[in-house]
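Geometric and topological summary
Listed below are the residues making up each chain.
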Amino acid sequence: MLSACNRLQVRHLLLTMPLVSHVKARGKLYPGTSISRQPVPDDKVAWSVPFPEYCPPSYTTPVVLQMPAWADPDYSTFANWNVTPPKYNQLDGSVERRSHTGEYMVIENIPRNPCGRTGLLGRGLLGKWGPNHAADSVVTRWKWIDGKVAKKDGKPVMQFVAIQRRDCGEWALPGGMVDPGEQIAATVKREFCEEAMNSLSLTKDERHKLQELISTIFQHGEMIYKGYVDDPRNTDNAWMETVAFNFHDETNDSIGCLPLRAGDDAKNVAWLDVDKEQALYANHSMLLQNVAHLKQAH
């Protein structure tokens with residue numbers, strides 16, 4: 001196993017890794033639509049690289065344009081100065097508009113994606129201009145077979161809680177958007193309870209007991225990533241960022257025993273083996289890889 005010193009060094013390296021080049025954020029079709037992004041070659045992603053023919057379409061889903069409580073006003077509102085633009089790169093009331101990547105550019109009241117071009121303007125499915133903050137939980141345990149931890153290629157096999165998303169059918173980590181004023185730790189616990197344990201179907205007393213149990217089990221989480229997410233919903237003007245925590249059950253007698261039940265945005269939930277061949281939503285494979293490195297798992 002890693003020494004305490006080496007473990008801290010690895011953890012620091014993972015948390016300070018350079019931003020991943022967005023690939024899923026440049027998919028041909030925007031999720032759930034027939035809207036085509038303008039193709040952006042790998043060597044033209046960076047804003048610093050000239051791309052004179054870059055003239056992407058703009059798209060924001062009608063649901064977002066109806067301005068639900070979680071969404072910002074549309075650009076046309078800013079252009080007409082009917083509404084004060086958001087206070088970018090700072091805490092805007094209870095809305096966190098600072099980016100984990102550092103200060104981002106704002107041009108004519110519209111933020112610019114810090115990781116470069118995506119081939120699409122607007123906000124797409126995202127409610128906020130600029131960073132849209134989420135939190136994810138990487139809940140893991142060792143895979144036990146006949147009373148022993150299973151091994152592959154000489155390394156212990158780890159399992160993680162995965163939910164199958166209703167919107168696209170892909171497997172993903174439990175997680176979701178941070179509500180205005182909400183602490184990251186509260187988001188992680190809330191989303192895990194809703195998606196992996198179907199807490200929304202429970203009575204008030206049952207939900208309270210479950211939340212207490214999860215709070216106890218999730219006391220000793222370890223942050224394994226904070227930054228930009230290569231999410232297919234990203235646009236030139238709105239993007240996903242996350243803070244991810246690992247909650248590991250070393251002896252398979254706490255988290256590993258929880259009764260999983262899909263709920264909210266999930267249609268299935270399961271313990272899956274950590275495997276590089278397992279395709280996951282957004283950058284969730286990278287988050288699992290971070291945990292595998294820390295735990296020296298397969």
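Bear in mind the structure is a predicted one, so any value in this text is a computation, not a measurement.

**Thoughts on the pairing of strand 15 (residues 222-228)**
Within strand 15, five of the seven residues are buried, which leaves it mostly tucked inside the rest of the structure. In this structure, strand 15 lies alongside strand 16 (residues 238-249), joined through six bridges in antiparallel fashion. From the neighbouring strand, K226 faces strand 16, where its bridge partner is V243.

**Points about the pattern of salt bridges**
Side chains that differ in charge, positive against negative, can pair when their charged atoms come close. Tallied over the full model, the rule gives 14 salt bridges. D72 is paired through a salt bridge with R97; the nearest N and O atoms lie 2.9 Å apart. Placement of the pair is D72 in the loop between helix 2 (62-65) and helix 3 (75-79) and R97 in the loop between strand 3 (95-96) and strand 4 (106-107), with a sequence separation of 25 residues. Salt bridges linked by common partners bring D179, E182, R190, E191 and E194 together as one network.

**Quick notes on unusual backbone geometry**
Phi at M67 takes a positive value of approximately 55 degrees, unusual for a residue other than glycine. Tracing the sequence through the fold places M67 in the loop between helix 2 and helix 3.

**Thoughts on the UniProt feature "domain: Nudix hydrolase" (unreviewed entry) in the protein**
According to UniProt, the positions carrying the feature "domain: Nudix hydrolase" (unreviewed entry) are residues 131-294. Secondary structure content for residues 131-294 is 23% helix and 37% strand, while the C-alpha to C-alpha distance between its ends is 28 Å.

**A closer look at the nonpolar core**
Core analysis: the largest hydrophobic core is formed by 30 residues, its most contacted members being V139, F192, I214, F218 and I255. Put simply, the parts of the chain that give this core at least two residues each are strand 7 (130-142), strand 12 (158-165), helix 4 (184-196), helix 5 (204-217), strand 16 and strand 17 (266-273). Examining the composition of this core, we find that five residues originate from one element, strand 16, more than from any other. Setting aside its immediate chain neighbours within four residues, F218 contacts V139, V188, K189, F192, F247 and I255. In this structure, W142, A162, A244 and L280 belong to the second largest nonpolar core, which totals 18 residues.

Parameters at a glance
- Residues numbered from 1 in each chain as written.
- Predicted model: local features only at pLDDT ≥ 70, side-chain atom pairs only at ≥ 80, totals over all residues.
- Heavy atoms only, no water.
- Buried < 20%, exposed > 50% of the residue type's maximum accessible area, 1.4 Å probe, protein only.
- Helix = DSSP H or I, 4+ residues; strand = E, 2+ residues; numbered from the N terminus.
- Pairing = 2+ DSSP bridges.
- Salt bridge = Lys/Arg side-chain N within 4 Å of Asp/Glu carboxyl O.
- UniProt positions renumbered as here; feature names shortened; annotations may be inferred.
- Core = buried A, V, L, I, M, F, W, Y, C linked by side-chain atoms within 4.5 Å.
- Contact = heavy atoms within 4.5 Å.

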